[in-house]
Structures are given as structure tokens and as C-alpha cells.
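# Fold and geometry: a report
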Amino acid sequence: MSDNVKPIPLIIDCDPGQDDAIALMLAMASPGELDLLGVSAVAGNVPLALTEANARSIRDVAGRPEIPVYAGCPRPMVKVLETAEYVHGKSGIDGANLPQPSRPVEQAHAVDWLIDILRRAETPITLATLGPLTNVAMAIVMAPDIVENISELVLMGGALSLGNITPSAEFNIYSDPHAAHIIFESGLKLTMIGLDVTHQARANPARLEAIRAIGNPASNSVAGMLDFYGAQYIATFGEGAPLHDPCVIAYIIRPDLFTGQDMRVDIEIGSPLTIGRTVCDLHDRAGRPANTHVVETIDSDGFFDLLNESLTRLPGIN
Ligand code: RIB
Ligand code: CA
């Protein structure tokens, strides 16, 4: 990024999760590009008590303990919480091997914080969502005026093709389809990074060994998480670990690594068979106005180069 460009004001909402954790490290290692104002945690991969604690452990190993972490919603808006320990392990970041967090979670509820910081923002803030959309949707329901201070919402979620938690739905959208419906109807500038893209960003053995070779505490933690998460993915899906959530942060830093197109996306909330499906009108068959920039390709090698460069910048063994 050129020297005279100001860092992008950013809020990350997440459900760590190994891939969320790596996304947080990528963001925290990029202060020249991103002004990370805070992190909000939501229930998703594992319960909220774990996702918020995991986020606090990650900020320690990334050498950014000053970044505030807020706990948000402990369950989806309507559906019951369905977690994913079969992929992420009981802790949510199995393999990370991190100490307990050094600082407490913030007192304010994440939804109240989101409303307050967005209402006070002097310049619009970019939101990156890496888990179910419950926190952001609740904030918009409670304070619709905050939409004007959100410059863009870049989400990991959905798919043009098959789902992962069901044949038709991706986990983040499926977990809280009603929240996703609110977001996709909100009028926000949306960029959707779905499974079609993230499945192109798999940490194959050569890429994993390049990360392991960096040798600082953060990269050691990433390698440990990918050892675990990759094995779970192979056992469940037959292929190695896709770095879903880091693709969102990489897109915000280096959109040139990606391609996509605008189209109408609607969320199925009625059908028991396909609930949580992102219905992407690629060929404009319904004639409804486009509401989302759907990303379709990634320069995978460029993405891993960016990730490795970022991890190398994180604190060494003190
Ligand atoms: O479907 C993948 C998404 O669900 C990722 O964000 C992963 O962390 C889980 O939250
Ligand atoms: Ca996630």
C-alpha cells in the first residue's frame, strides 16, 4: 500500500475458530493498512464464552493487547445455536496452544458498542464479519441510522455453489439466516466472500510448511491450528484446510487479488430443506436490483504470500 494512504478504519466481528484466528492475526499484523478499532465476538463455531476468550488470546500472541474485544450475542436471532466442534475442536481453536488471555473482555455488550462507535464515527467504518451475522443485524434493528456510517460490509459467508453445513447452505449464513436476511435487505454496500472463493485458498502441505518455517509464536500457533483444522477438514470433506475468514481481511487490504461481479443475493429463511441458502441471481433471472458484490476468484499464491509476509511481522519469541 502506498505511504500516503490512510489505514482503513475497521471492525472485525468473528467466532474464533481457527480461520477467524488467522484472519485476526493478518489484520493485527497490518497496522499500516488497517486501523483495527475493535473486535466483537459472536456465538458460532463454539459458544460465545469461548469465541470471545479466543479473540483475546489471539490479540496477545499478535502483540496487540490494546485492541478491545467485546462479547456479543450468545445465540442466533431465531434459530437455536448449532456449533461446529467437529471441525474446530472443543476450544474452537484446537492446535493453537495459547496461554489464557492477559486482559479481560470489555464490559459493554458488543451490539451496544457497535451502535455507539458507529454513531460517533467521523469517517465511515468498514465491517468485516467472519461468523454468523447476529451482532451486526441486531445493531441495525436497534439503530437503523448506523447504516450510513458503515462504508462497506465484507462478509465470509454463502456460496454460489454447494454449501458446507448442508448441501445448500454455508455455516455462517445457515447459523443465523434471519440475521443474514436483515443484512442483505439493509441497503449496506455488501461484498460476499463465499465458499467458491475460500475453497481456492487451501493450506496445502507446502503452504503449511512455509508458515511453520517463520518460527515466531504467532506462526507457530497458526501451524498448530492448521495441523488440527486441516486433519478435521480432510476427515470431513476429503480435502485440506480452506482459509475462509482470512480471505475477507486479504480482500480489504488487497482487493486486486480477487475478482467478482455485482448481483442480487437473497437469503432463504422459509424452507426447512434449504434454509440459509444464498440465492445468487448470477444471470439476473428475477430482474431485481443487485445488492451484493459476489467475489468469485482469488490469486491463491498472492494470498498466501500476503499472509506469510504479515505473520513474519508479528512479535518474535521474547
Ligand atoms: O463456512 C465457513 C465459516 O464458518 C468460517 O467463518 C468458519 O470460521 C465458520 O465460522
Ligand atoms: Ca468464522
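Provided above is the structure to which this section pertains.
Below, the structure is looked at part by part. (Residues numbered from 1 in each chain as written. Chains lettered and ligands numbered in written order. Predicted model: local features only at pLDDT ≥ 70, side-chain atom pairs only at ≥ 80, totals over all residues. Heavy atoms only, no water.)

## Side note on the sheet that holds strand E3 (residues 69-71)
The condition is simple: The criterion for strand pairing is that DSSP finds at least two bridges linking the strands in question. Put simply, DSSP marks the helices as runs of H or I at least four residues long and the strands as runs of E at least two long, and each gets a number from the N terminus on. Between N-to-C directions, angles cover 0 to 180 degrees, with each direction set by a line fitted to C-alpha atoms, over the stretch in contact for helices. Contacts are assigned to residue pairs with any non-hydrogen atoms lying within 4.5 Å of each other.
Spatial strand order, E3-E2-E1-E4-E5-E6-E9-E7-E8: nine strands in an open sheet with mixed pairing. Since the sheet does not close on itself, it has two edges, and those belong to E3 and strand E8 (278-281), each with one partner. Strand-to-strand, the axes of this sheet are offset by a mean angle of 30°, without reference to chain direction. Across seven bridges, strand E1 (residues 8-14) lies against strand E2 (residues 34-41) in parallel orientation. Across the sheet, the residue bridging to Ile12 is Val39, located in E2. Of the strands in this sheet, E1, E2, strand E4 (125-129), strand E5 (150-156), strand E6 (190-193), strand E7 (258-267) and strand E9 (292-298) touch helix H11 (residues 246-253), which is tilted by about 145° from E5.

## As for the site of ligand 1
Put simply, the rule is: Any residue with a non-hydrogen atom lying within 4 Å of a molecule or strand is treated as near it. Think of a polar contact as two N or O atoms within 3.5 Å of one another; within protein, one of them needs to be a possible hydrogen donor and the other a possible acceptor, and neighboring residues in sequence only count if both atoms come from side chains. Method remark: on a 1 Å grid restricted to protein atoms, a set of points is classed as a cavity if a 1.4 Å probe fits but cannot get out and as a pocket if it is open with protein on both sides within 12 Å along at least five of seven lines; lining residues have an atom within 4 Å of a point. A pocket or cavity is taken to hold a molecule when more than half of that molecule's atoms are within 2 Å of the pocket's grid points. Amino acids outside the nonpolar list (Ala, Val, Leu, Ile, Met, Phe, Trp, Tyr, Cys, Pro) and the charged list (Asp, Glu, Lys, Arg) are all regarded as polar, and Gly is one of them.
Around ligand 1 lies a shell formed by Asp15, Asp19, Asp20, Asn45, Leu130, Met156, Asn164, Glu170, Phe171, Asn172, His244 and Asp245. Interatomic distance of 2.6 Å between a side-chain N/O atom of Asp19 and an oxygen atom of ligand 1. Because more than half of its atoms lie within 2 Å of the grid, ligand 1 is assigned to the largest cavity. Where the shell around ligand 1 is concerned, the elements lending two or more residues are helix H1 (18-28) and helix H6 (171-175). Partitioning the shell around ligand 1 into residue classes produces three nonpolar, four polar and five charged.

## Some words on the coordination of the calcium ion (ligand 2)
What counts, and what does not: Keep in mind that water is not among the atoms, so a site may look incomplete; donors are the N, O and S atoms within 2.8 Å of the metal, or 3.2 Å for Na, K and Ca.
Those protein atoms acting as donors to the calcium ion (ligand 2) are Asp15 (OD), Asp20 (OD), Asp20 (OD), Leu130 (O) and Asp245 (OD), and they sit at 2.2 to 2.5 Å. Written as a sequence motif, the donor arrangement for the calcium ion (ligand 2) is D-x4-D-x109-L-x114-D. A residue pair is termed long-range when its members are at least 10 positions apart, and Asp15 in the loop between E1 and H1 and Asp245 in the loop between helix H10 (217-237) and H11 qualify at 230 residues.

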